[in-house]
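If you want the building blocks of each chain, they are given just below.
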Protein chains: 2
Amino acid sequence: MYVTLRDQFVRQFVTEKELEAMRPEIAQAHEKIVKKNGAGSDFLGWKELPQAYDREEFARIAECAAYIRSHCDVFIAIGIGGSYLGARAVIEFLRSPYHNELRKDGPAIYFAGNSISASGLCELVKLCEGKDVCINVISKSGTTTEPAVAFRVFHKMLVDKYGEEEARRRIFVTTDKARGTLKQFADKKGYQTFVVPDDVGGRYSVLTPVGLLPIAVAGIDIKALMEGAACAMKELSSPDIDKNGAYRYAAIRNALYRKGKVNEILVSYEPYGQLFNEWWKQLFGESEGKDGKGIFPVSVVFSTDLHSLGQYIQQGERIMFETVLNVKDGENRFLIPNDPNNIDGLNFLSGMDLNDVKVTAMNGTLLAHTDGQVPNIVLDVSERSERSLGYLIYFFELACAVSGYVLGVNPFDQPGVEAYKKNMFALLGKPGYEEQQKELQKRIK
Amino acid sequence: MYVTLRDQFVRQFVTEKELEAMRPEIAQAHEKIVKKNGAGSDFLGWKELPQAYDREEFARIAECAAYIRSHCDVFIAIGIGGSYLGARAVIEFLRSPYHNELRKDGPAIYFAGNSISASGLCELVKLCEGKDVCINVISKSGTTTEPAVAFRVFHKMLVDKYGEEEARRRIFVTTDKARGTLKQFADKKGYQTFVVPDDVGGRYSVLTPVGLLPIAVAGIDIKALMEGAACAMKELSSPDIDKNGAYRYAAIRNALYRKGKVNEILVSYEPYGQLFNEWWKQLFGESEGKDGKGIFPVSVVFSTDLHSLGQYIQQGERIMFETVLNVKDGENRFLIPNDPNNIDGLNFLSGMDLNDVKVTAMNGTLLAHTDGQVPNIVLDVSERSERSLGYLIYFFELACAVSGYVLGVNPFDQPGVEAYKKNMFALLGKPGYEEQQKELQKRIK
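Procedures and definitions
Residues numbered from 1 in each chain as written. Chains lettered and ligands numbered in written order. Predicted model: local features only at pLDDT ≥ 70, side-chain atom pairs only at ≥ 80, totals over all residues. Heavy atoms only, no water. Helix = DSSP H or I, 4+ residues; strand = E, 2+ residues; numbered from the N terminus. Rg over C-alpha atoms; globule rule 2.2 N^0.38 Å. Buried < 20%, exposed > 50% of the residue type's maximum accessible area, 1.4 Å probe, protein only. Contact = heavy atoms within 4.5 Å. Areas by Shrake-Rupley, 256 points an atom, 1.4 Å probe, with all protein chains shown as cover. Lys, Arg positive; Asp, Glu negative; His and termini not counted. Charge placed at Lys NZ, Arg CZ, Asp CG, Glu CD. Least-squares fit on C-alpha atoms with pLDDT ≥ 70 in both. Domains from an automatic or database assignment. Buried area = accessible area lost by both parts, 1.4 Å probe. Salt bridge = Lys/Arg side-chain N within 4 Å of Asp/Glu carboxyl O. Axes fitted to C-alpha atoms, helices over the stretch in contact; angles between N-to-C directions. Left-handed = near helix turned anticlockwise from the far one by under 90°. Nonpolar A, V, L, I, M, F, W, Y, C, P; charged D, E, K, R; others polar. Polar contact = N/O pair within 3.5 Å; in protein donor to acceptor, adjacent residues only side chain to side chain. Core = buried A, V, L, I, M, F, W, Y, C linked by side-chain atoms within 4.5 Å. Phe/Tyr/Trp six-rings, centres within 6.5 Å; stacked < 30°, edge-to-face > 60°. Lys NZ or Arg CZ within 6 Å of the ring centre and 35° of its normal. Expected span 1.5 Å × (residues − 1). Bend = angle between axes of the 7 residues up to and from the residue. Pairing = 2+ DSSP bridges.

A. Region of the structure containing the overall build of chain A. Broken down by element type, chain A carries 17 helices and 10 strands. Relative to the 2.2 N^0.38 estimate, which gives 22 Å for 445 residues, the radius of gyration of chain A is 23 Å and therefore close to what a compact globule would have. With the C-alpha coordinates aligned to their principal axes, the bounding extent of chain A is approximately 65 × 60 × 55 Å. With 445 residues in all, chain A has 67% of them scored as buried. Considering only contacts within chain A whose residues lie at least 6 apart along the sequence, 78% involve residues at least 24 apart. Here chain A displays about 15200 Å² of accessible surface, and carbon together with sulfur accounts for 49% of that area. Side chains of chain A give 54 positive and 58 negative charges; the mean places of these two sets differ by 4 Å.

Structure representation (structure tokens):
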């Protein structure tokens, strides 16, 4: 049990009776997942993944990662959305936001193809100057604009720099197993390819090759990551919210939503958790935000954001609840030095471990925000490790699926994402969009 | 005019009649600021700052920054909230999120004392190993826990490494002009000190020494930054929402809030805008989130977040509006390379500047989100420069003050921030908190 839900700071807002009333809804949602008969059930591949993943491909990921780690100074992972956030989240969580500056071995890792920014792309190209480079393009279709443009740039860079022969050993392609021109192109060129499974959506794909190759390049133990997820899969199998923390989480958040708590703030107390929160935002926001419904997902990192959004959370509109990730992090200790002058008046903290101060700040904040009428769910994570993070990822994926079914939406589609793309293609003059182009151009005048 | 408000994508949601009705309210709020008779009027120092700032101190900031740039490899800015976000926002906006890795001269710049993280502090200490270091502690009282702890650590590091004499030339203190033990200590030791003005709150302090010293250390032209702000001060002086974009922005957002749009999403289309959005979140969230009221501020960076929160914004609960920062960035061009194989089907983009694709993505998104019933305010920023950013900062500060008065709150206090601190001190056993300690300990059991 790497993740435990504590609901003592939520009880005054959601009564036992209300939770009881959620039981049949949770049980129904559970059935949909187990029997694979709910909306979007073609995308339940993540459910058995921690046990069912392709061992041969997994071994090849580890091999390629080892090769990349010893053959380049810079590794560029090209992808957007679910093909980006999961890998970056895990690397920052288990390594550091300063991974590139602190690393002792292995390449610097940069993420490209996740924006349409000339200055961003210029900078990444500069960071490759005079360096040995490997790239991994991650795109199921191979046609998504942002990663496709970046792949054009870095593919050309590698072929120009090394020639076709050597570039072949430096280009790794994660895409559909058979369909799509990117797969055909990669096969023709002889690039190593990895599979984006058909039954796992982008935001659920971090434990597939999509996330695993970049994660392994950072020197992270991907086997332990999968073991943590497998442990969650085993432990979180009961439909009973007393025995299944993920389901209890889904029940509580839906109960709060029905009372008008429309924003959920995921709270990290460590800077290394920031990107994990971003991953969580996509998972829940994209799964639930549809049909005019859904909890709006927000991320904060305390204590820094206590000096920014803290005022609002304490005393603003009462429209939110918080979910606090309490990661027991014993790895780094930092004893507060004594100051003979005591100019800050903090000598009562001298010799105390900063981790203990952090936990105390968390407890103080839990009480303050609860007193301010903000419900707080606590998720205790037992350690900062591959296993606990794999567990936490699976915990949230499962909770999200069940929560979406309770909300009454398809938690696995994202029909709204196409709207801006269609407009963009029309305005860019993509062949076939001529009619819409004129109409839209009039509207932006 | 570096910043222009465009409201064509908001007109269907806020009628002319509604805006007309806001005029007297805006005029009243304007009066409070001009006559300095509103709530919190002791904190209006930011209003005249772009003209009234201390020239002697300003010159000394530039001198010290030049000294720091040529005497160290690593510069640590120690501060939290308003003593952190403004400087980092400006540096990332005008330089890059990758400033440290890309810089050709001047030190790497890190921000410490903005969290209670043992691993974060350990990492920063590691990043200083074998490097020449200067530090700037920024704290009005000198007693705020996070920066105080970090100052203990880095102050000791410098004295141990260089001895008192040389450390004196490497420690810079931004604090109260007279009060507080940090000021006394700095004077006794002979450190250079800079003033946090009494009449400028933390979140409004980026154009005081609080922000200016770290910004100047990054090689940014702080004179031009102030000139941009001075230009805004001059141009945004009318109480008329037809002539004052900042006031028009304040009017529109209050009108939307009254219709139930409780979340405002500030949209950047460039990764370098992310920290600026964080600065904005503090400015508005802390100014307005009180008395059970206020718009909840949210940040996104598109297009990356179109593949994360895009689904929710397009089709989720209709509780938000967007404010889009459209920065004309001609500095970096990036022509999309042609691909003879056209594997992504994007050859219709070959030779196009990525900046133009970005603007088109923005226009497509404005139309899509408006069609999805999300009002969109556009702020056109004429260039990416010191002047335009100084202008934009002042624009938002002024808009925030007026907006807060229209909302009926004191936009300059933050009474709720103390709540968690009091609990934390009690739980940590700070002398004088013994009674509360026992009570609180019972509640977290």
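What follows picks up the thread again.
B. View of the relation of the copies chain B and chain A. With an axial shift of 0.0 Å and an RMSD of 0.0 Å, the rotation relating chain B to chain A amounts to 180°. Here the two chains are linked by the operation of a two-fold rotation axis. Looking at the rotation axis and the C-alpha trace of chain B, the residue lying nearest is Val298(B), at 3.8 Å. A share of 100% of the interface residues of chain B reappears at the interface of chain A, consistent with the copies meeting face to face through the same patch.

C. Fine view of the domain arrangement of chain A. Residue and element names in this part refer to chain A. Taken domain by domain, chain A consists of domain 1 (3-37 + 226-407) and domain 2 (46-220). Inter-centroid distance (C-alpha atoms) of domain 1 to domain 2 is 30 Å. At the junction of the two partners, domain 1 supplies 28 residues and domain 2 supplies 27 residues. Around 2700 Å² of area is buried between domain 1 and domain 2 when both sides are counted, 71% of it from carbon and sulfur atoms. Per-residue buried area on domain 1 facing domain 2 is highest for Met226, Met233 and Leu275; these three make up 25% of the total on that side. The tally of links from domain 1 across to domain 2 stands at one salt bridge. Here Arg203 and Glu286 are joined by a salt bridge, their closest N and O atoms 3.0 Å apart. Going through the elements one at a time, α10 (222-235), α12 (274-288) and α15 (386-407) are the ones with two or more residues in the side of domain 1 that touches domain 2.

D. Geometry of the packing of helix α4 (residues 85-94) of chain A against helix α9 (residues 209-217) of chain A. Residue and element names in this part refer to chain A. Relative to each other, α4 and α9 sit at 35°, their axes nearing to 8 Å. Relative to α9, the crossing made by α4 is right-handed. Residues Ala87, Val90 and Ile91 of α4 lie in contact with α9, whose contacting residues are Gly211, Pro214 and Ile215. Its residues placed into classes, the contact of α4 with α9 shows five nonpolar, one polar and no charged.

E. Here's a closer look at the interface of chain B and chain A. Taken together, the 132 residues of chain B in the interface contact 132 residues of chain A. Taken together, the two surfaces of chain B and chain A that pack against each other cover about 10800 Å², and 65% of this comes from carbon and sulfur. It is Arg152(B), His307(B) and Ile343(B) that lose the most area in chain B upon contact with chain A, and together they represent 8% of the buried surface on that side. Across the contact surface, chain B and chain A share four salt bridges. Between Asp344(A) and Arg152(B) there is a salt bridge, with the nearest N and O atoms lying 2.6 Å from each other. Joining chain B to chain A, the criterion identifies 53 residue pairs in polar contact (both at pLDDT 80 or more). With 12 residues, the single largest contributor to the side of chain B that touches chain A is helix α14 (residues 354-371) of chain B. Here the side of chain B that touches chain A is built from residues that sort into 60 nonpolar, 44 polar and 28 charged.

F. Structural view of the nonpolar core. The biggest cluster of nonpolar side chains holds 332 residues, and the ones touching the most others in it are Phe154(A), Phe396(A), Phe154(B) and Phe396(B). In contact with Phe154(A), not counting residues within four places along its chain, are Ile76(A), Ile78(A), Ala112(A), Leu121(A), Leu124(A), Val125(A), Cys128(A) and Ile135(A).

G. Local environment of the packing of aromatic side chains. One pass over the structure, following the stated rule, counts 48 aromatic pairs over all chains. When the centroid spacing of 5.1 Å and the interplanar angle of 35° are considered together, the rings of Phe276(A) and Trp279(A) count as tilted. Placement of both Phe276(A) and Trp279(A) in helix α12 is noted, with a separation of three residues, approximately one turn of the helix. Assigned by exposure class, Phe276(A) and Trp279(A) land together as buried. Geometrically, the ring pair formed by Trp46(B) and Tyr204(B) is stacked, given 5.2 Å between the ring centres and 25° between the ring planes. You can see Trp46(B) sitting in helix α2 (residues 45-52) and its partner Tyr204(B) sitting in the loop between β6 (192-195) and α9 (209-217), a full 158 residues away along the chain. For the pair Trp46(B) and Tyr204(B), one class covers both residues: buried. Every member of this aromatic cluster is reached through a ring pair, and the members are Phe93(A), Tyr249(A), Tyr272(A), Phe276(A), Trp279(A), Trp280(A), Phe284(A), Phe395(A) and Phe396(A). Positioned above the aromatic ring of Tyr162(A) is the side chain of Arg170(A), whose terminal nitrogen or guanidinium carbon lies 4.3 Å from the ring centre.

H. Structural detail: helix α7 (residues 145-168) of chain A. All names here are of chain A. Here α7 spans only 23 Å end to end across 24 residues, well under the 34 Å set by a 1.5 Å rise per residue. At Tyr162, α7 shows its maximal bend, which comes to roughly 115°. For α7, the tally of buried residues reaches 17 of 24 residues, placing the bulk of the element in the interior.

I. Representation of the sheet that holds strand β4 (residues 133-138) of chain A in the model. Residues and elements named next belong to chain A. Spatially, the five strands line up as an open sheet ordered β3-β2-β4-β5-β6, and their pairing is parallel. Each of the sheet's edge strands pairs with one partner strand only, and the pair in question is β3 (108-112) and β6 (192-195). Direction aside, the axes of adjacent strands within the sheet are offset by 20° on average. Where strand β2 (residues 74-78) meets β3, five bridges bridge the pair, whose relative direction is parallel. Along β3, the bridge assignment pairs Phe75 with Ile109. The strands touched by helix α6 (residues 118-128) within the sheet are β2, β3 and β4, with β3 carrying the most contacts at an inclination of about 155°. Strands β2, β3, β4 and β5 (171-175) of the sheet are contacted by α7, whose axis makes an angle of about 135° with β4.

J. Up close: the pattern of salt bridges. Tallied over the entire structure, the rule returns 81 salt bridges over all chains. The residue Glu56(B) makes a salt bridge to Arg60(B) at a minimum N-O spacing of 3.4 Å. Placement of both Glu56(B) and Arg60(B) in helix α3 (residues 55-71) is noted, with a separation of four residues, approximately one turn of the helix. Salt bridges here are not isolated pairs; linked through shared partners, they connect Asp7(A), Arg11(A), Glu16(A), Glu20(A), Arg23(A), Asp240(A), Asp242(A) and Arg248(A).

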